[in-house]
Amino acid sequence: MKKAKNIIKYSILGIAILVLVLIILGYTNLGNLSTTKNQENVFVTIENEKIRILQKGSGKDILLIHGSPGLIEDWNSIFDSLAKNYRVTAFDRLGHGYSSSNTYTYHIKDNAILAEKLIAQLELKNPLIVGHSYGGSTAAYMATHSDLKDTKYIIIDSPLYTSRLRKIYKLVSTPVIGKGIALFSSYTIAKSQIRDGVAPIFKSLGKEKINELVKERQQIWSQPKVIYTKSKESVNYQEDLDLMSHKYKNIVSNITIITVKDSLNTLRTDCEKFHSEVKNSELLILDKTGHYIQFDKPQELITVIRRKIESN
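Note that the coordinates shown come from a computational prediction; the quantities given were computed from them, not determined experimentally.

A. Just the pairing of strand β6 (residues 152–156), in detail. Most of β6 sits out of view: 5 of its 5 residues are buried. Taking every second residue as pointing to the same face, both faces of β6 are buried, with K152, I154 and I156 on one and Y153 and I155 on the other. The sheet contact formed by strand β5 (residues 128–132) and β6 spans 4 bridges and is parallel. Looking at the pairing, H132 lines up with I156 of β6.

Below, the structure is given as structure tokens:
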């Protein structure tokens, strides 16, 4: 009996120590990449946040908003081509890539507000806003709430009504210890999960290119802050969509929605439903591509963007 009590006592003590360690480590910067390591990184400060940006070219403005998880490099396949004729701006959303998340509450609304503040600070003139996945959800929110006049949007294969939530994201979002769990995941399962999740998404790329993209994302997305951000955004996603989706019918902005024939059913269905509700919209359904249309079909997307930005 005494032995059993000791086992229970030391087990409780061990769990308490583990929880304490997770709490302490979770609020350090351990596992996150240094923002000063790459001198090519450019940051702007918006309130209490450091936002990594990339801007090239001159002419009409285009603002690119990546998904969750995501980073500026998600636009590499189209960025330079567009920059030959336009001023193109991309940024790491809060908690993603190299951007901070000091006061981020992990909602779509936060991203819309950030995008508008970025537009003002960088003096972008009536930019065409292009959003992929979560970035497209952000663009849809902006279309329902923004005071920006005559803004055009392109939404690429985005959740607009429904979002799938994996159990692991609930675990990482656990109050107090969630950031510690994210740190533990960063050093254990994160890279294999990223590889298994990302590689099948690309449909038209060769194996060598896919491996290159996977390795790049393993390095950036396995940061504890990114794991935590992705988890919190995922937990909040459905609530955010429920709050905004009933306003779609009031959208007056010019919107193009792009989805794919072999996309996840939820995304194509959402895109089609959104198109049916938004009067001033067009729907493009592409074949032989995955969720990352900008990589699988870069020329087709560039053509759509150019047509959109030049249209009256």
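B. Fine view of helix α8 (residues 207–221). Taking 1.5 Å per residue, 15 residues should reach 21 Å; α8 reaches 20 Å between its end C-alpha atoms and fits that length. Among all positions of α8, only I210, L213, V214, R217, Q218, I220 and W221 are buried. Packed against the buried residues of α8 are α7 (190–198), α9 (224–245) and α11 (293–296).

C. Focus on the packing of helix α2 (residues 76–83) against helix α12 (residues 298–310). Taken N-terminus to C-terminus, the directions of α2 and α12 make an angle of 45°; their axes are 10 Å apart at the nearest point. The orientation of α2 with respect to α12, classified from their angle, is oblique. By crossing handedness, the relation of α2 to α12 is classed as right-handed. Contact residues: α2 offers S77, I78, S81 and L82, while α12 offers P298, L301, I302, I305 and R306. Across the contact of α2 with α12, the residue classes tally to 6 nonpolar, 2 polar and 1 charged.

D. How the structure looks around the side chain of N41. Residue placement: N41 occurs in the loop between α1 (2–26) and β1 (42–46). In this structure the side chain of N41 is engaged in a polar contact, spanning 3.2 Å, whose partner is the side chain of R52.

E. Region of interest: the sheet that holds β6. Within the open sheet, the 8 strands sit side by side as β1-β2-β4-β3-β5-β6-β7-β8. Their pairing is mixed. Looking along the sheet, the strands with just one partner apiece sit at the ends: β1 and β8 (281–286). Sheet twist, expressed as the mean angle between neighbouring strand axes with direction ignored, is 25°. Relative to strand β2 (residues 49–56), β1 runs antiparallel, the two sharing 5 bridges.

About the criteria used
Residues numbered from 1 in each chain as written. Predicted model: local features only at pLDDT ≥ 70, side-chain atom pairs only at ≥ 80, totals over all residues. Heavy atoms only, no water. Buried < 20%, exposed > 50% of the residue type's maximum accessible area, 1.4 Å probe, protein only. Helix = DSSP H or I, 4+ residues; strand = E, 2+ residues; numbered from the N terminus. Pairing = 2+ DSSP bridges. Expected span 1.5 Å × (residues − 1). Contact = heavy atoms within 4.5 Å. Axes fitted to C-alpha atoms, helices over the stretch in contact; angles between N-to-C directions. Parallel < 35°, antiparallel > 145°, perpendicular 65-115°, else oblique. Left-handed = near helix turned anticlockwise from the far one by under 90°. Nonpolar A, V, L, I, M, F, W, Y, C, P; charged D, E, K, R; others polar. Polar contact = N/O pair within 3.5 Å; in protein donor to acceptor, adjacent residues only side chain to side chain.

Any functional reading would require information beyond the geometric quantities listed.
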